[in-house]
Structures are given as C-alpha cells and as structure tokens.
Amino acid sequence: MHTAFLIPVVISKVEAFLFKDNPLDITTMASKSTTGLLLDSANIMSTVLEGVLYGFSVLMFIGTIWTFTYK
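Residues numbered from 1 in each chain as written. Predicted model: local features only at pLDDT ≥ 70, side-chain atom pairs only at ≥ 80, totals over all residues. Heavy atoms only, no water.

## Observations concerning the overall build of the protein
The number of helices and strands found in the protein is three helices and zero strands. When its helices and strands are written in sequence order, the protein yields α-α-α. Buried residues in the protein amount to 7% of all 71 residues. For the protein, the computed accessible surface area is about 6300 Å², with 74% contributed by carbon and sulfur atoms. (Helix = DSSP H or I, 4+ residues; strand = E, 2+ residues; numbered from the N terminus. Buried < 20%, exposed > 50% of the residue type's maximum accessible area, 1.4 Å probe, protein only. Areas by Shrake-Rupley, 256 points an atom, 1.4 Å probe, with all protein chains shown as cover.)

## Section: the packing of aromatic side chains
Scanning the entire structure with this criterion turns up one aromatic pair. For the ring pair Trp66 and Tyr70, a centre distance of 4.8 Å and an interplane angle of 35° mean the geometry is tilted. The same class applies to Trp66 as to Tyr70, namely exposed. (Phe/Tyr/Trp six-rings, centres within 6.5 Å; stacked < 30°, edge-to-face > 60°.)

## Remarks on the confidence of the model for the protein
Residues at a pLDDT of 70 or more form 48% of the protein, whose mean pLDDT is 74. When pLDDT is averaged over each helix and strand of the protein, the minimum, 55, is found for helix H2 (residues 26-35) and the maximum, 92, for helix H3 (residues 39-69). (pLDDT = per-residue confidence, 0-100.)

## A few points about a nonpolar patch on the surface
Taken together, the side chains of Tyr54, Val58, Phe61, Ile62 and Ile65 present a nonpolar region at the surface, about 530 Å² in accessible area. Topologically, Tyr54 is positioned in helix H3. (Patch = residues over 30% accessible without salt bridge, like charges linked within 9 Å, V, L, I, M, F, W, Y side chains within 5 Å. Salt bridge = Lys/Arg side-chain N within 4 Å of Asp/Glu carboxyl O.)

As structure tokens, this is what we get:
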C-alpha cells in the first residue's frame, strides 16, 4: 500500500475519533475543548503529527546529503 493513500485514511480515522458527534461542527469542537475532554486526544494527535513531520524532514535531509555525496 502506498503511503500517499494512508495519510488521508489516518486523518479521517483521527477526525472520526475526535469528533464523534458532528465532524465539522465548530461549536461542538469548542465546547468539547473547553471541558478538557478531547485535549488529551488533541495532544496525542499533535505529538504524532510532529513526529511524522520531523521524521520526514530527517529523511529529506539524509536524501539531500546522499544526493550530494553519491558518485
């Protein structure tokens, strides 16, 4: 399976988990975030996203260095 296909699937699963009632209702998101109910989930999601983006940047850096040093 190609990773470009997996990213939207993972994002849709996370959205379905975080916003079970109504996925795009801003008032629901605001009311839930002020109660602290979904702050743990949001913290986990942001940490995972940060790790993925950091890993991708490290991969791009290694690829750049390999490209410059490959004969």
